[in-house]
Every structure is written in C-alpha cells, then in structure tokens.
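A structural walkthrough
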Amino acid sequence: MNALAGWSRAARGAGLLSPTGAPAASIFSEMSALASATGAINLGQGFPDEDGPIEVLDAAREAIAAGVNQYPPGRGTADLRLAIAEHRSRFWGDTPDPETEILVTAGATEALAATILGLTQPGDEVVTFEPFYDAYGGLIALAGATHVTATLHAPTFTPDPDELRRVITDRTRLIIVNTPHNPTGVMLSTEILDLLVELAHRHDAIIVTDEVYEHLTFERTHVPVVTRPGAAERTLTISSGGKTFATTGWKIGWISGPAELITRVTTVKQFLSYVNGAPFQPAIAVGLRLPDTYFTGIAATLRGRRDRLAAGLSAAGFGVSLPDAGYFIVADTAPLGFADATELARELPGKIGIAAIPVSAFVLPEHRDHTRSLLRFAFCKRDEVLSEALTRLETLTV
Ligand SMILES: *Cc1c(COP(=O)(O)O)cnc(C)c1O
C-alpha cells in the first residue's frame, strides 16, 4: 500500500520491519523459540524466574478484591506518586514534587516512548551509548529522530570522553543515559556523568536517564545523574518497579523531573495508554516503602548469582567482563575461537542446552562488527536453574 511506503522505509531502516514488510523476527523471540524447542535453559531473556516480595503481591491481590479496577488518575495515584517521591529522597536525595514533577507510566518503556515522542521533532538527534537497550532504537525511529551513538568500549565498557564531545552537538535534543547499563552492567563514573551535564548545558540538550537497575548494584551505590551539580533543571529520570520487585509483567514505571517537561511527557502519555495498572499502583507503593534490608538483600542475592555464572563462563573458556550491576554478563566468545557470537548463539541451545543473546542485537546495524564476538547471558535465575546451567556449560567443547 502506497500510504504506508514512507513509514515502512523508515521502519526498515531502523530494523523494525523485515525486507518483506513483516515485523522483523527479533533475535529475542528467535532465541526464546529455540530454547523452548530444544529444552534449553533460557539465559537470553532478562526476566526473574522467582516471585517478588509477598507484601507487594498481596497488596495487588487486595487491591483487586477491594475494587481498585477502574481508570486511575492520569498522573498515577496520589499515594504512588508520594511513595516515589519518598523513595527518591530516601535513597538518592532528590526531592521531586509528587503533584507536578512525577508521572506514573506503563513501565519505563512508556516513559521513554512518551519522552522521545514528546521532546523530539523529526531530524533531531538523540544520543545513546552503544550497545543500547533495544527499545531506544525503535522509539527514536518511530519519532522520526536520528539515533547517534557513543561506544562503550569492550572489555570494560567505558566511554571515551572525546567521542562524547564529538557526538553531542547543537543538533542533539536528548541524551539518553542508561546507568546501571543493559546489556553491559556498567555503571558510569561521576566524571562521565558530569561531562554529560556539561555537554547538555553547552548544547541545550535534555538528559533522559534509564535507571531501572538502580537497586541491583554489586560494587558501589548508584549515582543518579539528576543529583550531579547543574543536572536537575534539564534531567528527566526514569525508573520502574519491574526489575526491583521482580514484577516485569506489571509495567508500573515512572518519570520525574522539571514540571514543565513532565507536563510535556504527560500530554503524550495520555494518548498512548491514558492510564495503566490501577491495582498494581498501590502494590508498587508498598514495595517502594519496604525497609532498606529488602533492597540490599536483592542486590546481595543477585551478586552471588553473578559470581557463580561468571566463574562458570570463565571455566568454559569465555572472556568475561564482570558487571557492576543488573541482570546480565557479557561474555566474549573469541577466546573459544568463535568470531561470530550470533552463530554460536544459534548453536548453543542444541549443543549444550543454553540460550543467550548476541550483543549485536543491541547496536546499530552498521556497527555490528564491533560486538561480533560478544554474547549476553542473564543470571537473574533461581539457584537450581543456574546450577544446571553451570553443569551444562562444563560440557562445552570447541
Ligand atoms: C527492562 C528494561 C526496561 C523496561 O522496563 P519496563 O518497566 O518493563 O518497561 C527499560 N530499560 C532497561 C535498560 C531495561 O533493562
């Protein structure tokens, strides 16, 4: 159909559509299908296989039973916005006003979508680090904006300050900062955060952060960009209950920042989902008010799982970059003699019964070569599942 031609061209360019016009079969669904066909342990997709805190689950059940089942307020329930504000000041020290500076969204994803659609115009540039969480690429393309990347250089995944100075220009509208980072697990240093704030000022850009792994940190505490000097006036901070409370299917996220920007984002959100997750909003409020021990506990458990999977991958011959945070380890297949991790990812389920995702799924199509030998493994899995995965890794021969 001619009417669709322009959009289809753009969507194909961004990898959203296959050359035939069908939705591109993503490597995520390909690997999940392969994992279930072969009975492989799926260390590809990053979702926990255990339930989150019982207080949170019970609160959702109670809310449904109590009739909290209709449209909640557009900005989210007043109590959840208050809980978000309290949580931010308890852990990170910023103090957004729950009335004007916080919006509840359908997951971090909708906050990102509404922000990118609301604050960019076709032709504006949006800068992200690369590799990047795959939704950024799709959303930037949907907005008609141009995606520009700054490389996180393997094996430490540190950015190059000179490259940041080069790619952030007067054309840059948004700088998306994902720390702690998916897929690499890297946490950006305060020097890099301060440089980003300086560049945002110089080029009049807005910083948008994705901090969904804020509590899943292993080496040091998370530093939100918004708390750095000069950042607050031009930073939108995004997070979500999905990763922190092991409720990725609930899609309760939020965004905080200057009232004027939050109003812009709200304007778009009202035409995306309008509102979302009425009974889950009070439940996530309960979660955000859990004692500190809950938050340190989940990080400690996950750190143990990271260490076990890292040891297993090293013993199997992979080059391992130990992540500071998050759900994932990036492993290099080159020491095993595999130049192309995508090929190995397709073989692994049949060969040893483990599925992983090639890191090339998280880069622009023209940059696939940089990450060709890298695979991403999730360790947010139960101890017995990880034990079985480690046993299977021992059988890897090349
Ligand atoms: C999981 C994830 C998201 C999505 O969060 P939702 O709340 O499920 O929408 C966003 N960003 C990153 C980096 C993630 O890993």
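The residue numbering used here restarts from 1 in each chain and proceeds along that chain's sequence as written. Only residues with pLDDT of 70 or above have their local features reported here, since the model is predicted, and side-chain atom pairs are shown and tallied only from 80 upward, although totals for entire chains, interfaces and linings are computed over all residues. The basis for the side-chain values is all heavy atoms of the structure; hydrogens and waters are excluded.

In the nomenclature of an unreviewed UniProt entry, the protein is known as Aminotransferase class I/II-fold pyridoxal phosphate-dependent enzyme of Mycetocola lacteus. UniProt, in the comment section headed Cofactor (unreviewed entry), describes the protein in these words: "pyridoxal 5'-phosphate". UniProt positions are given in the numbering used here, feature names are shortened, and annotations may be inferred rather than shown by experiment. Per its UniProt entry, the protein bears the Sequence similarities (unreviewed entry) comment "Belongs to the class-I pyridoxal-phosphate-dependent aminotransferase family."

**Quick notes on the site of the ligand**
The cutoff for a nearby residue is simple: one of its non-hydrogen atoms must lie within 4 Å of the molecule or strand. Around the ligand, the surrounding shell consists of G107, A108, T109, Y133, N178, N182, D210, V212, Y213, S240, K243 and K251. In the environment of the ligand, an oxygen atom lies 2.6 Å from a nitrogen or oxygen atom belonging to the side chain of T109. A distance of 2.6 Å separates a nitrogen atom of the ligand from a polar atom in the side chain of D210. Strands here mean DSSP runs of E at least two residues long; helices mean DSSP runs of H or I at least four residues long; both are numbered from the N terminus. Counting residues per element, the shell around the ligand draws most heavily on helix α5 (residues 107–119), at three residues. Each residue belonging to the shell around the ligand can be placed in one class, and the counts come to four nonpolar, five polar and three charged. Within 3.5 Å is the distance limit for a polar contact, defined as a pair of N or O atoms, with the added protein rule that one can donate a hydrogen and the other accept it, and that residues adjacent in sequence qualify only through two side-chain atoms. Polar here means any residue outside two lists: the nonpolar Ala, Val, Leu, Ile, Met, Phe, Trp, Tyr, Cys and Pro, and the charged Asp, Glu, Lys and Arg; Gly therefore counts as polar.

**Some details on the environment of L236**
Tracing the backbone through its elements, the reader meets L236 in strand β8 (residues 235–240). On a C-alpha basis, the gap between L236 and T115 in space is 8.6 Å, while along the polypeptide they are 121 residues apart. Beyond its immediate stretch of four places on either side in the chain, L236 contacts T115, L119, I206, I207, V208, T209, I255, S256, G257, L261, I262 and V265. Note on definitions: a residue-residue contact is assigned when non-hydrogen atoms from the two residues lie within 4.5 Å.

**Regarding the sheet that holds strand β7 (residues 206–210)**
What makes two strands pair is DSSP finding at least two bridges between them. If you walk across this open sheet you meet the eight strands as β2-β9-β8-β7-β6-β3-β4-β5, and the pairing is mixed. Two strands bound the open sheet, and with one partner strand each, they are β2 (102–106) and β5 (158–159). For β7 and β8, the ladder comprises four bridges, and the chain directions are parallel. What sits directly across from D210, in β8, is I238. Under this scheme, a helix contributes an axis fitted over its contacting stretch, all axes are lines through C-alpha atoms, and angles between N-to-C directions fall in the 0 to 180 degree range. Packing against the sheet, α5 makes contact with β2, β6 (172–178), β7, β8 and β9 (252–256), and its axis sits at approximately 155 degrees to β8. Strand contacts of helix α10 (residues 259–272): β2, β7, β8 and β9, with the helix running at about 30 degrees to β2, the strand carrying the most contacts.

**Description of a nonpolar patch on the surface**
Here the term patch refers to residues with relative accessible area over 30% and no salt bridge, with like charges joined within 9 Å and nonpolar side chains (Val, Leu, Ile, Met, Phe, Trp, Tyr) within 5 Å. A 1.4 Å probe and the Shrake-Rupley method give the accessible areas. Residues count as covered only by the protein chains that appear here. Salt bridge criterion: a side-chain nitrogen from Lys or Arg within 4 Å of a carboxyl oxygen from Asp or Glu. On the surface, L117, L142 and L272 cluster together to form a nonpolar patch covering roughly 250 Å² of accessible area. Since its relative accessible area comes to 36%, L117 is described here as partly exposed. The buried label goes to any residue with under 20% of its type's maximum accessible area, the exposed label to any with over 50%, and the partly exposed label to all in between, with areas taken from a 1.4 Å probe on protein chains only.

**Focus: helix α14 (residues 383–394)**
With 12 residues, α14 should cover 16 Å at 1.5 Å per step; its first-to-last C-alpha distance of 17 Å lies within 8% of that length. Each element contacted by the buried residues of α14 is listed here: β1 (41–42), α12 (292–315), α13 (341–352) and β12 (354–355). Expected span of a helix: the number of residues minus one, times 1.5 Å.

**Brief notes about the UniProt feature "domain: Aminotransferase class I/classII large" (unreviewed entry) in the protein**
UniProt tags residues 40–393 as "domain: Aminotransferase class I/classII large" (unreviewed entry). Helix makes up 40% of residues 40–393 and strand 18%, and the two end C-alpha atoms of the span are 12 Å apart.

**A word on the packing of aromatic side chains**
Pairing of aromatic side chains here covers Phe, Tyr and the six-membered ring of Trp, requires ring centres within 6.5 Å, and sorts the geometry by plane angle: under 30 degrees stacked, over 60 edge-to-face, intermediate tilted. Using the criterion set out here, one finds 13 aromatic pairs in the structure. Look at Y213 and Y327: their rings are 5.4 Å apart centre to centre, the planes differ by 70 degrees, and that puts the pair in the edge-to-face class. Of the two residues, Y213 is situated in the loop between β7 and β8 and Y327 in the loop between β10 (319–321) and β11 (328–332); the sequence distance between them amounts to 114 residues. Comparing Y213 with Y327, the two get one shared label, buried. Ring geometry for F245 versus F295: centroids 6.1 Å apart, planes at 75 degrees, classification edge-to-face.

**Some points on the sheet that holds strand β13 (residues 357–358)**
Adjacent strands of a sheet form backbone hydrogen bonds with each other and so pair up, either parallel or antiparallel. Strand order in this open sheet of four strands is β10-β11-β14-β13, and the pairing throughout is antiparallel. At either margin of the open sheet sits one strand with a lone partner, and together these are β10 and β13. In terms of strand pairing, β11 meets strand β14 (residues 374–378) through five bridges, oriented antiparallel. Bridged to V330 within β14 is R376. Set on the sheet, α12 makes contact with β10, β11 and β14; between it and β11 the angle comes to about 10 degrees. On top of the sheet, α13 reaches β13 and β14; it is set at about 40 degrees to β14, its chief contact.

**Looking at unusual backbone geometry**
The omega torsion of the bond from A154 to P155 falls at 5 degrees, within 30 degrees of zero and hence cis. Topologically, P155 is positioned in the loop between β4 (146–153) and β5. Backbone torsion omega between N182 and P183 reads 15 degrees, so that peptide bond is classified as cis. In this structure, P183 sits in the loop between β6 and α8 (190–203). One non-glycine residue, D204, lies in positive phi territory at about 55 degrees. Structurally, the position occupied by D204 is in the loop between α8 and β7. One non-glycine residue, Y274, lies in the positive phi region at around 65 degrees. Inspection of the secondary structure puts Y274 in the loop between α10 and α11 (280–288).

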